[in-house]
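# What the coordinates show
Below, each chain spelled out in residue letters.
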Amino acid sequence: MNGAGSGPRRRARVSRLVSFSATHRLHSKSLSNEENLKLFGKCNNPNGMVMNLTDLKEYMEEVITKPLDHKNLDLDVPYFADIVSTTENVAVYIWENLQKFLPVGVLYKVKVYETDNNIVVYKGE
């Protein structure tokens, strides 16, 4: 990049982060199924992924973003009409509603960051 006029030549570099979702299985066709399992362990699982991450994103949008984002929890979310809107109760709310969309046993935990220092983890217990 060279500005108008005099001065040292300056260089700027640009980068961009791209993310994607994919599945793979560590499996060699030259080995038996037993040898592959012994060598690669759980990474040899033929099922690939627990669930489609695009579906999970849509479920989270429906359960978290739409009802909670930019809202006054106490006034705009009926769940909190009679429940104190602590971060712990927000985690419970998310758990109860998100598990309705997921296969049984798939949801492991909900983690809510109130601040960088205040974090609540709820595992449905």
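Residues numbered from 1 in each chain as written. Predicted model: local features only at pLDDT ≥ 70, side-chain atom pairs only at ≥ 80, totals over all residues. Heavy atoms only, no water.

The name given to the protein in an unreviewed UniProt entry is 6-pyruvoyl tetrahydrobiopterin synthase, with Capra hircus as the source organism. Entered under Function (unreviewed entry) in the UniProt record, the comment concerning the protein runs "Involved in the biosynthesis of tetrahydrobiopterin, an essential cofactor of aromatic amino acid hydroxylases. Catalyzes the transformation of 7,8-dihydroneopterin triphosphate into 6-pyruvoyl tetrahydropterin." In its Pathway (unreviewed entry) section, the UniProt entry covering the protein states "Cofactor biosynthesis; tetrahydrobiopterin biosynthesis; tetrahydrobiopterin from 7,8-dihydroneopterin triphosphate: step 1/3." (UniProt positions renumbered as here; feature names shortened; annotations may be inferred.)

As for its placement among the helices and strands, methionine 51 is situated in the loop between α1 (33-40) and α2 (53-68). Given the relative accessible area of 15%, methionine 51 is considered buried. Distance from methionine 51 to aspartate 116, taken between C-alpha atoms, is 29 Å for residues 65 residues apart in sequence. Not counting chain neighbours up to four residues away, the residues in contact with methionine 51 comprise Leu56, Tyr59, Leu102 and Val106. (Helix = DSSP H or I, 4+ residues; strand = E, 2+ residues; numbered from the N terminus. Buried < 20%, exposed > 50% of the residue type's maximum accessible area, 1.4 Å probe, protein only. Contact = heavy atoms within 4.5 Å.)

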